[in-house]
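Topology and contacts: notes
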Amino acid sequence: MTDLLATIVSGTRRIVEVRQTEEPLAALAERAAAVPSRRGRFGAALSRADRVNIVAECKRRSPSRGILRADYDPAAIAAAYAEAGAAAISVLTEPTFFDGSLEHLSAVRAVVDIPILRKDFIVSEYQLLEAKAAGADAVLRIVSALRPVELKVLHDHAGRMGLDVLVEVHDATELAIALDAGARIVGVNNRSLKTLVVDVHASDELIAKVPDEVVAVSESGLQTAEDLSRLQALGYRAFLIGERLMMAAEPGLALKGLLEGCITTKDAKVKT
């Protein structure tokens, strides 16, 4: 597993090369430019103080768990998430390890109006244009998958295209790189991309180093309303949750129950 991230990134670069032969960058750029910009909507949705902000994820498979959902219908799942109160939706588009596709993102965009994150291993401007053309409001950028100069260049490109960026980090060194690149939304991933081990308390160590003006998002391994309430009290403004919802019989109902649990937990603390 130590080379998993490198393997995925290498495969992604090859896939992008193939796609670019099928649709040249200039043609893709023209398609992307025709899609109205919704810049800032993703960040604003994750910053609201009147609710628990959950980015609910649509993904069929993961390297750590295998197939999460055989009957995978991302549009139906996303619609249920939106109805349940999701702040935004994350759609996996990586094909080899997550069984994702850009068509899944387009299908989700067709049925929901809340912000959508393209979750993939973004390594090129071409993928940013794909995200914009498919209707994404934001893209994921993983610090450990890029050199700092690449991170900065792609971050700037995304901004010019009208895309918000969720920059994912795992430790203080990566956080510093993300902030230097101009990150305004930072995701602290509790799952190591080298070992796939999850430690929810990994988020505890970095929050003090995240500037107040930066939106902090805790990712991976979050299971209960108590997890979210504890991290919210530390300063996290949003939470990205995938497997916990995707493995439920009804992902939308699972999200609704989790959000209701957060309200109950909050009320219990007030009474105490």
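Everything below is about the structure shown above.
All figures in this text were calculated on a predicted structure; none of them were measured in a lab.

Counted according to the given criterion, the structure contains one aromatic pair. Between Phe98 and Phe121 the ring centres are 6.2 Å apart and the planes differ by 35°, which places this aromatic pair in the tilted class. Here Phe98 is found in helix H5 (residues 95-98), whereas its partner Phe121 is found in the loop between strand S5 (116-119) and helix H7 (125-134), with 23 residues between them in sequence. You'll find Phe98 and Phe121 in the same group, each marked buried.

With that out of the way, let us pick up the sheet that holds strand S1 (residues 53-58). Strand order in the closed barrel made by the eight strands is S1-S4-S5-S6-S7-S8-S9-S10, with parallel pairing throughout. Each adjacent strand pair in this sheet contributes to an overall mean axis angle of 25°, direction not counted. Both S5 and strand S6 (residues 138-142) contribute to a ladder of two bridges, which runs parallel. Paired with Leu117 across the bridge in S6 is Ala138. Against the sheet, helix H4 (residues 74-84) engages S1 and strand S4 (88-92), with an angle of about 165° to S1. Seen against the sheet, helix H9 (residues 172-180) touches strand S7 (164-169) and strand S8 (185-189) and runs at an angle of roughly 160° to S7.

As a further point, take the pairing of S6. Burial within S6 is extensive, with five of its five residues counted as buried. The alternating pattern of S6 places Ala138, Leu140 and Ile142 and Val139 and Arg141 on opposite faces, both of which are buried. As defined by bridge partners, S6 adjoins S7 across five bridges and the pair is classed as parallel. The residue of S7 that forms the bridge with Ile142 is Glu168. Remark: the S6/helix H8 (residues 148-161)/S7 crossover connection has right-handed handedness.

Basis of the calculations
- Residues numbered from 1 in each chain as written.
- Predicted model: local features only at pLDDT ≥ 70, side-chain atom pairs only at ≥ 80, totals over all residues.
- Heavy atoms only, no water.
- Phe/Tyr/Trp six-rings, centres within 6.5 Å; stacked < 30°, edge-to-face > 60°.
- Helix = DSSP H or I, 4+ residues; strand = E, 2+ residues; numbered from the N terminus.
- Buried < 20%, exposed > 50% of the residue type's maximum accessible area, 1.4 Å probe, protein only.
- Pairing = 2+ DSSP bridges.
- Axes fitted to C-alpha atoms, helices over the stretch in contact; angles between N-to-C directions.
- Contact = heavy atoms within 4.5 Å.
- Right-handed = clockwise from strand over helix to strand, strands pointing away.

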